[in-house]
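Each chain is listed here by its residues.
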Amino acid sequence: MTKRILWGVGSSRALRAHWALVFLGIDYEIRPILTRTPAMATPEYRAVNPRGKIPTLVDGDLTVTESPAIVNYLAERYSTRERRLIPEAIEQRALYFEWMSFISMELDATSLYVLRRHEGLPEIYSPAPEACLAARAYFERMINAAAVRLEDGRRYLLGEEFFGVDILMTTCLDWAVNYGLGLPEAFVNYRERIDGEASTALAHLANAPT
């Protein structure tokens, strides 16, 4: 049996990988290292991921880092007819990757991670109030533009089926709320609908052996 190990817990980005594994029903081991702790600098972990970031997935001989890449890899390799995290139709896949890029770049990297650094960790990255104000305004503009896609009443980002992009979007929305950012009503309702899915992954982590 292929040995699967997921390194990393305690962050929105790590949760994405756990959520995908749980959703797809994949057995795996958890190495519960936290970001910015001595465990990330050990020779054992640096041999797995020289960049020293989490999450990192080891699936047999393959090592994958970066949470969007891990979710996409798992979706491509382990989706089944009953449990699928990526569409099959090429048109739907194009929209899937469009959402994945938008969430990863415009919401996560350009907006939320600025707040993470300069409001959440000012002792490391220093305060930057003007950059944070700009990041908040940019997030608001982007999330309101994205909300237009949900005006047709769809349940998930691509329609009535839950996919990997919904994992990334939900973790970003939770992150945004934690930083006091407002959400348009369409995304407030969307987030509430998916709460049960996230709870399953969180429960798995809470009960997992360490």
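Relevant structure appears above.
Residues numbered from 1 in each chain as written. Predicted model: local features only at pLDDT ≥ 70, side-chain atom pairs only at ≥ 80, totals over all residues. Heavy atoms only, no water.

Draft legend 1. Spotlight on the side chain of Asp166. Within the element layout of this structure, Asp166 appears in helix α7 (residues 164-178). Despite its burial, Asp166 pairs with no opposite charge; the closest candidate is Arg193, at 8.1 Å N-O. In this structure the side chain of Asp166 is engaged in a polar contact, spanning 2.6 Å, whose partner is the side chain of Tyr190. Contact partners of Asp166, with chain neighbours within four places excluded, come to Tyr156, Leu157, Glu161, Tyr190 and Ile194. (Helix = DSSP H or I, 4+ residues; strand = E, 2+ residues; numbered from the N terminus. Buried < 20%, exposed > 50% of the residue type's maximum accessible area, 1.4 Å probe, protein only. Lys, Arg positive; Asp, Glu negative; His and termini not counted. Salt bridge = Lys/Arg side-chain N within 4 Å of Asp/Glu carboxyl O. Polar contact = N/O pair within 3.5 Å; in protein donor to acceptor, adjacent residues only side chain to side chain. Contact = heavy atoms within 4.5 Å.)

Draft legend 2. Region of the structure containing the pairing of strand β4 (residues 62-65). Two strands pair when backbone bridges link them, and strand β3 (residues 56-59) and β4 are joined in this way by four bridges, in the antiparallel orientation. Looking at the pairing, Leu57 lines up with Val64 of β4. Here β3 hands over to β4 after two residues, with Gly60 in that stretch at a positive phi of 65°. (Pairing = 2+ DSSP bridges.)

Draft legend 3. Seen up close, the packing of aromatic side chains. What the rule picks out here adds up to eight aromatic pairs. Aromatic pair Tyr156 and Phe162: ring centres 5.5 Å apart, planes at 80°, arrangement edge-to-face. For the pair Tyr156 and Phe162, one class covers both residues: buried. Among the aromatic residues, those joined into a cluster by ring pairs are Trp19, Phe23, Tyr156 and Phe162. Sitting above the plane of the Tyr113 ring, Arg13 keeps its charged end 4.6 Å from the centroid. Across the ring face of Trp7, the terminal group of Arg31 is positioned such that the distance to the ring centre comes to 5.1 Å. (Phe/Tyr/Trp six-rings, centres within 6.5 Å; stacked < 30°, edge-to-face > 60°. Lys NZ or Arg CZ within 6 Å of the ring centre and 35° of its normal.)

Draft legend 4. Up close: the sheet that holds strand β1 (residues 4-7). Strand order in the open sheet formed by four strands is β2-β1-β3-β4, with mixed pairing between adjacent strands. Each edge of the sheet is formed by a strand with only one pairing partner; in this case those strands are β2 (29-31) and β4. On average, adjacent strands in this sheet sit at an angle of 15° to one another, irrespective of strand direction. Pairing analysis gives three bridges linking β1 to β2, with the strands arranged parallel. Its bridge partner lying in β2, Ile5 is registered against Glu29. (Axes fitted to C-alpha atoms, helices over the stretch in contact; angles between N-to-C directions.)

Draft legend 5. Geometry of the pattern of salt bridges. Taken as a whole, this structure holds 13 salt bridges when the rule is applied. Residue Arg4 is joined to Asp59 by a salt bridge in which the shortest nitrogen-to-oxygen separation is 3.3 Å. Here Asp59 lies in strand β3 and Arg4 lies in strand β1, a separation of 55 residues in the sequence. The class of Arg4 is buried, set by a relative accessible area of 15%. A relative accessible area of 4% places Asp59 in the buried class. Residues joined by salt bridges that share partners form a network here, namely Lys3, Glu29, Arg31 and Glu44.

Draft legend 6. Quick peek at helix α1 (residues 12-23). Under the 1.5 Å per step criterion, the end-to-end length of α1 is 16 Å for twelve residues, consistent within 8% with the ideal 16 Å. With respect to burial, α1 is a largely interior element, nine of its twelve residues being buried. Along α1, the positions that sit buried rather than exposed are Ala14, Leu15, Arg16, Ala17, His18, Trp19, Ala20, Leu21 and Phe23. Two residues or fewer after α1 comes Gly25, characterised by a positive phi angle close to 70°. (Expected span 1.5 Å × (residues − 1).)

Draft legend 7. Layout of the pairing of β1. Where burial is concerned, the two faces of β1 agree: the one with Arg4 and Leu6 and the one with Ile5 and Trp7 are both buried. In this structure, β1 lies alongside β3, joined through four bridges in antiparallel fashion. When the bridges of β3 are listed, Trp7 appears paired with Thr56. Since β1 and β2 lie parallel, the crossover through α1 that links them has a hand, and here it is right-handed. (Right-handed = clockwise from strand over helix to strand, strands pointing away.)

No statement about biological role is implied by the geometric values presented.
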